[in-house]
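What follows is each chain in one-letter form.
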Number of protein chains: 2
Amino acid sequence: MSLLVTGSIGVDTVQTPHGHVADVLGGSAVYFSFAASLFSPVRLVGVVGDDFPNEYRRTFDGRPVDLAGLETRAGSKTFRWHGRYEGDMNSAQTLRTDLNVLAERGPTIPASFRDSRFVFLANTHPVLQRELLAQLERPYLVVCDTMNLWIETARDELIETLSRVHGIIFNDGEARMLTGRANLIDAGRAILDLGPRFVVIKKGEHGSIVMDRDDLFILPAYPTTEVRDPTGAGDSFAGGILGYLASQGRADAASLRSAVVRGTIAASFTIEGFSLEGLRRADLAGVTSRLAVLRDMVTFE
Amino acid sequence: MSLLVTGSIGVDTVQTPHGHVADVLGGSAVYFSFAASLFSPVRLVGVVGDDFPNEYRRTFDGRPVDLAGLETRAGSKTFRWHGRYEGDMNSAQTLRTDLNVLAERGPTIPASFRDSRFVFLANTHPVLQRELLAQLERPYLVVCDTMNLWIETARDELIETLSRVHGIIFNDGEARMLTGRANLIDAGRAILDLGPRFVVIKKGEHGSIVMDRDDLFILPAYPTTEVRDPTGAGDSFAGGILGYLASQGRADAASLRSAVVRGTIAASFTIEGFSLEGLRRADLAGVTSRLAVLRDMVTFE
């Protein structure tokens, strides 16, 4: 079934202990689309400025990513992010953010995309997430991401958004911050009480927890030791999840488990290279091979 | 096959957000023996002072724990520990430690115990661990625990001990501290390079990692939300592991996976109550039922 993502398209400059890249393609909608397109066609919605390099558009060539919702806004500048990772690379230090076009009005979802059934609202202000959602006709499954900034500065708006989506993806720190619960299982239950049908809690190197009212699934991270650049891991994870669910046309508990496995694997490719370098090397054969590794890693008698 | 543990027997005073107990039975060898005896008879070796309450000895009544190696040293005092857990209870604050008899010479392994095949050397000075090991005739599997103190103050002695045992159990912080590797898979490999055949890395609420040269097993923690007192969790975990391996009479990779599942379940009982209260409620039926929960939690298509 159709899959739509709304999110950022940006130009990133990133330093890690393994190297440095300047002015590379990034942004939540980009990583999401790359990962999701391993499993399903994707409709991308976002805005760039008229400075957006043309070669970045060609990055999607050969992939089932429909750019009809990519608006190039005249007179505006593309979002730019400059970050650094150190030590265990579990979190980024932002050195500079130029919101540019992201500080202006949000994107408009093209008429041809409004019938999308699977939807991912990447991190942005929770009010904008609801405005985007309101442009869709009859979504079957809506999942959103968020960040600590909105928990701190727009808590009530975020809670309102959470009550209108089917699934949400948090990292462990965000889940604890929103709910005030230290235990992540407790935190997950408290989040479900806010309305969504399921919650996925990302724990970085410790993997993820997936909860709905009746199901609890815990998956380790893929055992990558070559972490070169974690940028985009979370959005690739979401892309793998939604891409797989859209390919199955369902979102029951068993499908969600399978989907989170695919998301984990997509993220494992992303962090092995800078920008889209790692994810570009992923294909279905690679996914299948990592799936066997993950399954073997958790099997016991 | 026969299973022997050497470790502390102590009197604990513990505060957690859920309550407070004073002068209760504790110590690594005690938690280990209680947990291991779910699966296998245990031979306990340790020293207490002549102040050791007689009713604590009766705690083992009805369990297959042989106390022939429990020395009551005249004129000495029993080890005492006073600790507090706060917030997420991931680590204890020690308010007071009275080493007492543990600061004197170590225990002697009784002649009748020297043929023990499975051996757990609970945390103590690495030189004492080797002295205890030297008293055994032909151990089949020796596993040891340690702590950050020895990594900091007796690093070379610890590395010597690690080269003489088959398996070691670290927590994540200790594994990183010893190896200088932030990534736990990397840290695990670096530990294997020191000599042991396998390493188990405990990650608290995130479960554990088990590695040998050819196998990688990752298991989440049991999803307990009623954590009342974490004291003894690590030694119960070790007890479940060694107790199960001794009951099987083997220590191959598949058995080790099964054993770590039992250790995880034993620890899940321990943390549900103060002192031995939680573990006392555990039986094989309870273990089997939690095993099904764990298996369901990690299964995917």
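Each chain carries its own residue numbering, running from 1 in the direction its sequence is written. The lettering of chains begins at A and the numbering of ligands begins at 1, in the order of writing. Per-residue local features are limited, in this predicted model, to residues with pLDDT of at least 70; the limit for side-chain atom pairs, both in listing and counting, is 80 or more; totals at the level of whole chains, interfaces and linings are taken over all residues. No hydrogens and no water enter the side-chain calculation; it runs on all heavy atoms of the structure.

**Topic: the overall build of chain A**
Secondary structure elements are defined from DSSP: runs of H or I of at least 4 residues count as helices, runs of E of at least 2 residues count as strands, and each element is numbered from the N terminus. Counting its secondary structure elements, chain A contains 11 helices and 13 strands. Taken over C-alpha atoms, the radius of gyration is set against a globule rule of 2.2 Å times the number of residues to the power 0.38. For 301 residues, the compact-globule estimate of 2.2 N^0.38 gives 19 Å, and the C-alpha radius of gyration of chain A, at 18 Å, lies within 12% of that figure. For the C-alpha atoms alone, the extent of chain A along its principal axes is close to 60 × 40 × 35 Å. Relative to its 301 residues, chain A shows a buried fraction of 58%. Contacts were defined at the residue level, with two residues in contact if any of their heavy atoms lie within 4.5 Å. Nonlocal contacts in chain A, meaning residues at least 24 apart in sequence, comprise 63% of its contacts between residues at least 6 apart. About 11500 Å² of surface is accessible on chain A, with carbon and sulfur atoms providing 47% of the total. Neither His nor the chain ends is counted toward charge; the positive residues are Lys and Arg and the negative residues Asp and Glu. A charged residue contributes its charge at one atom only: NZ of Lys, CZ of Arg, CG of Asp or CD of Glu. Side-chain charges of chain A comprise 31 positive and 37 negative groups, with the mean position of each set lying 3 Å from the other. Classification of residues uses two cut-offs on accessible area relative to the type maximum, computed with a 1.4 Å probe and protein chains only: under 20% is buried, over 50% is exposed, and between them is partly exposed. Methods summary: accessible areas were calculated by the Shrake-Rupley approach with a probe of 1.4 Å, and residue burial reflects only the protein chains presented.

**A closer look at the sheet that holds strand S6 (residues 79-85) of chain B**
Residues and elements named next belong to chain B. Here the rule is simple: two strands pair whenever DSSP picks up at least two bridges between them. In space, the four strands of this open sheet follow the order S3-S2-S6-S7, with mixed pairing throughout. One side of each edge strand has no neighbouring strand; the edge strands of this open sheet are strand S3 (19-26) and strand S7 (92-98). Each strand of the sheet is rotated relative to its neighbour by a mean of 15°, with strand direction disregarded. Of the strand pairs in this sheet, strand S2 (residues 10-16) and S6 are connected by six bridges, and their pairing is parallel. Opposite Thr13, over in S6, you have His82 as the bridge partner. Angles run from 0 to 180 degrees between N-to-C directions of axes, and those axes are lines fitted to C-alpha atoms, restricted for helices to the stretch in contact.

**Overview of the relation of the copies chain A and chain B**
The least-squares superposition of copies is restricted to C-alpha atoms, and to residues with a pLDDT of at least 70 in both copies. In the superposition of chain A on chain B (RMSD 0.0 Å, axial shift 0.0 Å), the rotation amounts to 180°. The relationship between the two copies is best expressed as a two-fold rotation axis.

**A look at the interface of chain A and chain B**
Contacts between the two partners involve 33 residues from chain A, matched on the other side by 33 residues from chain B. A quick way to say it: buried area is the sum, across both parts, of accessible area lost when two parts are put together, with a 1.4 Å probe. Interface area, chain A with chain B, both sides summed: about 2800 Å², of which 54% is carbon and sulfur. When the area that chain A buries against chain B is broken down by residue, the three leading residues are A:His206, A:Thr225 and A:Phe300, summing to 24%. For salt bridges, the criterion is a side-chain nitrogen of Lys or Arg within 4 Å of an Asp or Glu carboxyl oxygen. Two residues, A:Arg176 and B:Glu205, come together in a salt bridge whose shortest N-O distance is 2.5 Å. By the criterion applied in these results, polar contacts are pairs of N or O atoms within 3.5 Å in which, for protein atoms, one can donate a hydrogen and the other can accept it, and in which residues neighboring in sequence qualify only through two side-chain atoms. On inspection of chain A and its partner chain B, the count reaches 18 residue pairs in polar contact (both at pLDDT 80 or more).

**Some thoughts on the environment of B:Phe32**
Mapped onto the elements of the fold, B:Phe32 is located in helix H1 (residues 28-36). Among all residues touching B:Phe32, those that are not within four sequence positions of it are B:Leu3, B:Val5, B:Val42, B:Phe120, B:Asp235, B:Ala238, B:Gly239 and B:Leu242.

**What to know about helix H1 (residues 28-36) of chain A**
Counting buried positions over the nine residues of H1(A) gives nine, a clear majority of the element. If you check which residues of H1(A) are buried, you get A:Ser28, A:Ala29, A:Val30, A:Tyr31, A:Phe32, A:Ser33, A:Phe34, A:Ala35 and A:Ala36.

**Considerations on the pairing of strand S9 (residues 141-145) of chain B**
All names here are of chain B. Of all five residues that make up S9, five are buried, and the element is covered over most of its length. Of the pairings in the sheet, the one linking strand S8 (residues 118-121) to S9 comprises four bridges and is parallel in character. Counted as the bridge partner of Phe120 is Val143 from S9. The parallel pair S8 and S9 is bridged by helix H3 (residues 126-134), and the resulting crossover is right-handed. Assignment of crossover handedness uses the view with strands pointing away from the viewer, where a clockwise path from the first strand over the helix to the second indicates a right-handed crossover.

Read these as spatial facts, not as claims about activity.
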